[in-house]
Amino acid sequence: MQRPAKGKTPRRPALKKTSHTQKDPVGVYCRIRPLGAADEECCIDMISSTTIQLHAPDGIKANRNGEYKETQYSFKKVFGIQTSQIELFEDVAKPLVDDLIHCKNGLLFTYGVTGSGKTFTMTGSPGEGGLLPRSLDMLFNSIGPLQAKRFVFRADDKNGMEIQGQVDALLERQKRESNQQSAVPKTPSSKQKPDPEFADMISPEEACKCEGVDEDSCYSVFVSYIEIYNNYIYDLLEEAPFDPIRPKRPGGVTPLRNPELIPPQSKILREDQNHNMYVSGCTEVEVKSTEEAFEVFWRGQKKRRIANTQLNRESSRSHSVFIVKLAQAPLDADGDHILQDKNQVTVSQLCLVDLAGSERTSRTKAEGSRLREAGNINQSLMTLRTCIEVLRENQMCGTNRMVPYRDSKVTHLFKNYFDGEGKVRMVVCVNPKADDYEETMLVMRFAELTQEVEVARPVDRPICSLAAGRRHRNQAFRDEMSRRQEERPGGPSNTEDGSVLNQLLDSLPALPACELVDPTDEQSLPRLIEVLEKRHRIRQMITEQYTTTANTLKSMLQEFDGHLMAKENFIREQRGKLGEKDKILVNQKNEMDRLEKKSKMLEYKIDILQKTTNIYEEDKRSLQQELESREQRLQRELSERKRMETRMQGMVTDTKHQWEKECDRRVNAKQLEMQNKLWVKDEKLKQLKAIVSESNSSATSEQQRPPPPPDKPQRTFREKDQLRAPEKKRSPSPLPTTGTPIHPRHRRSHSAGGERWVDHKPPSNLDLNTVMQPIIPNAIKVSAASEKALSKCHKYVLTHQELASDGDIQTKLIKGDVFKTRGGGQAVQFTDIETLRQECPTASSRKRRSSGDGPGQHDGNKMDWNDRENRAPVASTSSGLGLQNGYQKRRK
């Protein structure tokens, strides 16, 4: 019994891809479904074999101007409503089957909204087989006579293949046939009559075959069928085992759904040793014919979840994946048995995916479980779109974002095709009716993104080192042996062999007489012995000569066979090189065509973008001009508003002062009037009191004493307080009447002398454009006082601006002397303040007239028209600047 050898999948381990790896874009095709009724409105027009145009139907405006927007989308090829299933298969699926036979992987999936014809494109109908049955038919037509016996290849549980000998395969076959309760379903025999439901899927006239199949290898096909329902994976080929714990219904009646069968369990995804994803525990059935494979598919198709919705009578509620695995191994040097070398075994697979259609619940009116199914379908399709977008961004922009494959079972299962090697094809099915316009537009945008994603081109399998044509020579040898066995009895070759044998016998010496008459005859036996020895020597010589000639002939034949095989290998090598060159030329030509189309498309997009950019630039300039004009207008309005606010603030201040003065005048007059009245009443009361006291004292006093003179009436406490009140309210004089001021005022500024000044002007001051400007020669102008500047000068002046009570801005020049301190620093002692202000003539005259009514106001208004006013340091210190006599500004 031979030890089984494990085979590896053809994909390489997950190593870093080199920069010279060739990549091909994802092939995206579009198929338009015919309208259900002739009077339905259509929103898709086929412009060429690669372009369609999508226009908005009536009642839907595509842009803000209310105009209809027409959008064009390009594909690798567009199939119209008259396209047959065989035409679609020739362009889309046939190259994938050819790559499958040549040890390359492939992925084909259909995408579109619900009711767009995806299942019909993949499966087909009686008389019009889809992509799946035609792919199986082409596969078995190509490898039919080259298939290995059943169970020679055996699938393990780790996404690999094992090879068994003939004896082990026979024992495995007998074991499977005897075990009726096995988890793997019994494969139907290819000799049985096919099911009439799919018997006429493909007509014999439409059968096709792959060219260039390696005849020195043995093949075996394994199929599996799964569905992804609510983001869970289920095996459609798994036979539900019987549950002995759950009893049957009484009376032996079994319900329709077989409650005694265990419900199917979801499967999980695993990663094999080559970093390829596979469904763990999935049933893989070995099939030997197209009918047998499609029967297995049909058995799983009946278990698939399908429901009736508002938009589709048979709507798929899950994503289905039909996986075709092709295991192949080369023959040994004799061309009779499979080579028991695990490194020479390869497994390639083709995944045919029927994605469920995206749908809107507002249109399907789904509720309950149907609503949950629709949500999971839309979520998985959205994850697929996100993965495609991230892949496109990583490839075009050079980023390294993580692709979220694990967010959905669909993308996680097929991550090897986008990150590894293999061809990826997508058929976008669209329904041209106007009701599906918005969903179709989203599908077109996704298809446009998918075309820009590139996947690594699969590499060719290394050629086996054994000589080619082993199977053919072995078959020719068997035919020749069978032919000779048939011709052996009574044939002409036997006559020739007999004549040659007679000639060899005649060439030997004749035998003497062997009769012994006399017992004493001693000559006959020695003579006979001598003749026999002579005949033996001659026979040995003939045998040696024959052996030598046979060896020479054999060596000559081997040498000739070696030369012939070398020439065949050379010719095959040259043909392989020529084929590779032809493939390179074809690929380069296709690449050139693709690049030309891409360049034309990019030029067209560049023209559109240039026009759009020009329009945006014009709009930008017009908007910028309008913005500038509005800003200028706003600035003018703001300045006018500030001027009005300042003017109104001055008017309010003047009015407030006038009313305060008027109120003070009225209060003083009222108080004086009340004091006079009160004093009159007190005088009367005193007189009455004096009369009463005089009458009382006249009786008791002496008659001789003259009466004393009347005293001046004393004032009451209320009169004293009222007389003191005006004195307290009297405002002090702004200047001291006596004494010499600490800092005498000078009518001429000290800056006219030869002293050096520090002219401190803060950067926040405004330029008032007045006629009189403070000009200080030989001054150091600074924006902030510093010890360095103060050490070089003797005088210091600070230009200070503030808002006056009437709303105008007045400028004050605060001057001081600079002297050194004991600590080695510089100090400033302020000595004088000069004020510059602007006033309106009308406002000043009004102020003089309003202020002239009160007493003591004429002296304060004498300097209203002066542009320059000198004040004593004491008075300036009390005016709110916070300066005191002898205040020093120290800087360390």
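The structure under discussion appears in the preceding block.
Parameters and conventions
- Residues numbered from 1 in each chain as written.
- Predicted model: local features only at pLDDT ≥ 70, side-chain atom pairs only at ≥ 80, totals over all residues.
- Heavy atoms only, no water.
- Buried < 20%, exposed > 50% of the residue type's maximum accessible area, 1.4 Å probe, protein only.
- Helix = DSSP H or I, 4+ residues; strand = E, 2+ residues; numbered from the N terminus.
- Pairing = 2+ DSSP bridges.
- Lys, Arg positive; Asp, Glu negative; His and termini not counted.
- Salt bridge = Lys/Arg side-chain N within 4 Å of Asp/Glu carboxyl O.
- Contact = heavy atoms within 4.5 Å.
- Patch = residues over 30% accessible without salt bridge, like charges linked within 9 Å, V, L, I, M, F, W, Y side chains within 5 Å.
- Areas by Shrake-Rupley, 256 points an atom, 1.4 Å probe, with all protein chains shown as cover.

*Asks:* Go over the pairing of strand E13 (residues 217-229) with me, naming the residues and quoting the values.
*Replies:* Most of E13 is tucked away, with 13 of its 13 residues classed as buried. Note: E13 against strand E20 (residues 319-330), twelve bridges, orientation antiparallel. Note that in E20 the partner of Ser220 across the bridge is Ala327. Alignment of E13 against strand E17 (residues 285-287), held across three bridges, turns out to be antiparallel. From the neighbouring strand, Phe222 faces E17, where its bridge partner is Glu286. Pairing geometry for E13 and strand E14 (residues 232-235), over four bridges, is antiparallel. Its bridge partner being in E14, Ile226 is matched across the sheet by Asp235. In this structure, the hairpin formed by E13 and E14 is closed by a connection of two residues, where Asn230 is found at a positive phi of approximately 55 degrees.

*Asks:* A description of the pairing of strand E25 (residues 779-782) should follow, citing residues and the corresponding values.
*Replies:* Remark: a regular strand shows side chains that alternate across the two faces of the sheet. Along E25, the buried face is formed by Ile780 and Val782; none of Ala779 and Lys781, which line the opposite face, is buried. Two strands pair when backbone bridges link them, and strand E24 (residues 757-760) and E25 are joined in this way by four bridges, in the parallel orientation. Within E25, the residue paired with Val758 across the bridge is Ile780.

*Asks:* So what's going on with the side chain of Asp137? Which residues, and what values?
*Replies:* Inspection of the secondary structure puts Asp137 in helix H4 (residues 131-143). Arg134 is the oppositely charged side chain nearest to the buried, salt-bridge-free Asp137, at an N-O distance of 7.0 Å. Sequence-distant contacts of Asp137, that is, excluding residues within four places in its chain, are made with Ile202, Ala207, Cys208 and Thr290.

*Asks:* Explain a nonpolar patch on the surface residue by residue, including any values.
*Replies:* The grouping of Met601, Tyr604 and Ile608 at the surface amounts to a nonpolar patch, some 270 Å² of accessible area in total. Within the secondary structure, Met601 is located in helix H14 (residues 524-700). Look at Met601 and you get partly exposed, because its relative accessible area is 31%.

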